[in-house]
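In case you want the letters, here they are:
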Amino acid sequence: MSRVYNFSAGPAVLPEEVLKEAAEEMLDYRGCGMSVMEMSHRSKMFENIIQEAEADLRDLLEIPDNYKVLFLQGGASQQFAMIPMNLMKNRVADYIVTGQWAKKAWQEAQKYGKANKIASSEDKTYSYIPDCSDLPISPDADYVYICENNTIYGTKFKKLPNTKGKTLVADVSSCFLSEPVDVSKYGILYGGVQKNIGPAGMVISIIREDLITEDVLPGTPTMLTFKTHADAGSMYNTPNCYCIYMCGKVFKWLKKMGGLSAMKERNENKARILYDFLDSSSLFKGTVVPEDRSLMNVPFVTGNKDLDAKFVKEAQEAGLENLKGHRTVGGMRASIYNAMPVEGVEALVNFMKNFEKENG
Ligand SMILES: *Cc1c(COP(=O)(O)O)cnc(C)c1O
């Protein structure tokens, strides 16, 4: 067996320990004679799995009691519609557009009401986070929306926007559980789990209880109503059982690693190694303004497309996989999520140093 260093933006690297444990339990989960994939979601066994997963997530994020945790299908993209359908009572919402995912969410919300783009960084290819200290928030806005970490462009909100008292909704897909957060500052925070938590196919939505009501837009499907899933403990229909099980294992791994403060320290250290090299390199250069740099997704370029392609190819041959930038921006991107060990980042930087010597 040989494992590579996988810098994919998602689906992405998972802790090796977690994969091994899942492999050991594949045929016979804790003496029940079947795999978690084969068991009823109504069984006692699975009930324990989902309840423990939620409890561990609540511990990790210190989620207040007046927030529900929902394990939903349809990925993060489904939330682009589900959020306006459930929250747009006045049919007005304000969007801060800092990348493609925020733009998609903003465009989707336009189907349901007046979705205002109140700030954007599109003028400079989303390479920075706009000043959000005094934005023209709509007086009747049902919520203010951000994508907190921009997976494609590698920017991160270091400070949440001033929403002037309006409910903040955040897509945290690519920074989920990478550092401690104050959940009480959000109305909703949600993320697709395939970036930093588990396998693809699920989104976790953490929602303040007063936002979960029957008063949704007319025509909202039962399955797209938060209340349906909140009332049923995420088991209105068959949930993504195996994914919940895997996420639960990752939550336990995170707790064992020391929780989110320890993860933050670890992630800062990894990111520092890579950004310090980029800042000193004569060949490679980071594309994001330093103050808005993500700890999770690090885009960089040589400035020469052919050289970029050569780098990606040779890196892959050296066991450093998935370093090609998003198809819309080119260049390179190293996603260094929680499960990427520091050794992976060090191997990448060493490879870059050699490449620079040979091609600089
Ligand atoms: C990947 C990603 C999405 C889309 O996730 P899906 O689960 O594929 O729908 C949305 N937002 C952000 C920030 C992402 O990184």
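Scroll up for the structure.
This one's a predicted model, so the numbers in the text were calculated from it and none came from an experiment.

Enquirer: Talk me through the pairing of strand 12 (residues 297-301); I want residue IDs and the actual numbers.
Expert: For strand 12, the tally of buried residues reaches five of five residues, placing the bulk of the element in the interior. Side chains Asn297, Pro299 and Val301 of strand 12 all project onto a buried face; the interleaved residues Val298 and Phe300 project onto the opposite face, where all are buried too. Here strand 11 (residues 285-286) pairs with strand 12 via two bridges, running antiparallel. Across the sheet, residue Gly286 finds its bridge partner in strand 12, namely Phe300. Sheet topology note: the strand 12/strand 14 (residues 332-335) ladder contains four bridges and is antiparallel.

Enquirer: Run through the sheet that holds strand 11, naming residues and quoting values.
Expert: Across the sheet, which stays open at both edges, the three strands sit in the order 11-12-14 with antiparallel pairing between neighbours. With one partner strand each, in any of the chains shown, strand 11 and strand 14 form the two edges of the open sheet. Its contacts with the sheet put helix 7 (residues 259-280) on strand 11, strand 12 and strand 14, and the angle it makes with strand 12 is roughly 20 degrees.

Enquirer: I'd like to hear about the environment of Tyr190, residue by residue, with values.
Expert: Inspection of the secondary structure assignment puts Tyr190 in strand 9 (residues 188-192). Sequence-wise, Tyr190 and Phe71 are 119 residues apart; in three dimensions their C-alpha atoms are separated by 9.9 Å.

Enquirer: Describe the pairing of strand 8 (residues 168-171), listing the residues and the values that go with them.
Expert: Side chains Leu168 and Ala170 of strand 8 all project onto a buried face; the interleaved residues Val169 and Asp171 project onto the opposite face, where all are buried too. Here strand 5 (residues 144-147) pairs with strand 8 via four bridges, running parallel. Within strand 8, the position partnered with Tyr145 by the bridge is Val169. Sheet topology places strand 8 next to strand 9; three bridges connect them, and they run parallel. Residue pairing for strand 9: Asp171 is matched across the bridge by Tyr190.

Enquirer: Help me get a handle on unusual backbone geometry, residues and values and all.
Expert: Put simply, Gly10 and Pro11 share a cis peptide bond, and its omega is -10 degrees. Here the phi dihedral of Ser234 falls at roughly 65 degrees; this positive angle occurs in a residue that is not glycine. Inspection of the secondary structure puts Ser234 in the loop between helix 5 (226-231) and helix 6 (241-256). Residue classification places Ser234 among the buried positions, given a relative accessible area of 3%.

Enquirer: Just give me the short version of the site of the ligand, but keep the residues and values in it.
Expert: In the vicinity of the ligand, the residues found are Gly75, Ala76, Ser77, Phe80, Trp101, Cys147, Asn149, Thr151, Asp171, Ser173, Gln194 and Lys195. Ala76 is positioned such that a nitrogen or oxygen atom in its backbone is 3.0 Å from an oxygen atom of the ligand. The contact in question runs from a nitrogen atom of the ligand to an N or O atom on the side chain of Asp171, over 2.6 Å. Here the ligand, which alone exposes 390 Å², has 87% of that area covered by the protein. A class-by-class count of the residues in the shell around the ligand yields four nonpolar, six polar and two charged.

Enquirer: Quick one: what's the story with the state of the cysteines, residue by residue and with numbers?
Expert: On inspection of all chains with the given rule, the structure shows zero disulfides. Just so you know, Cys132 is unpaired, no disulfide at all, and the nearest cysteine sulfur is the one on Cys147, 13 Å from it. Cys132 sits in the buried class, given a relative accessible area of 9%. With no disulfide of its own, Cys247 lies closest to Cys243 among cysteine sulfurs, the gap being 4.2 Å. Since its relative accessible area comes to 0%, Cys247 is described here as buried.

Enquirer: Before we move on, can you summarise the sheet that holds strand 4 (residues 114-120) with the specific residues and values?
Expert: The mixed open sheet is built from seven strands, whose spatial order is 2-10-9-8-5-3-4. Edge strands, defined here as strands with exactly one partner in the open sheet, are strand 2 (67-72) and strand 4. Ignoring which end each strand starts from, the neighbouring axes of this sheet average 20 degrees apart. Sheet analysis places strand 3 (residues 92-97) next to strand 5, joined by two bridges and oriented parallel. Note on strand 5: the bridge partner recorded for Asp94 is Val144. Of the strands in this sheet, strand 2, strand 3, strand 5, strand 8, strand 9 and strand 10 (203-208) are in contact with helix 3 (residues 75-87), which crosses strand 9 at around 155 degrees.

So, how was this worked out
Residues numbered from 1 in each chain as written. Predicted model: local features only at pLDDT ≥ 70, side-chain atom pairs only at ≥ 80, totals over all residues. Heavy atoms only, no water. Buried < 20%, exposed > 50% of the residue type's maximum accessible area, 1.4 Å probe, protein only. Helix = DSSP H or I, 4+ residues; strand = E, 2+ residues; numbered from the N terminus. Pairing = 2+ DSSP bridges. Contact = heavy atoms within 4.5 Å. Axes fitted to C-alpha atoms, helices over the stretch in contact; angles between N-to-C directions. Near = heavy atom within 4 Å. Polar contact = N/O pair within 3.5 Å; in protein donor to acceptor, adjacent residues only side chain to side chain. Areas by Shrake-Rupley, 256 points an atom, 1.4 Å probe, with all protein chains shown as cover. Nonpolar A, V, L, I, M, F, W, Y, C, P; charged D, E, K, R; others polar. Disulfide = S-S within 2.5 Å.

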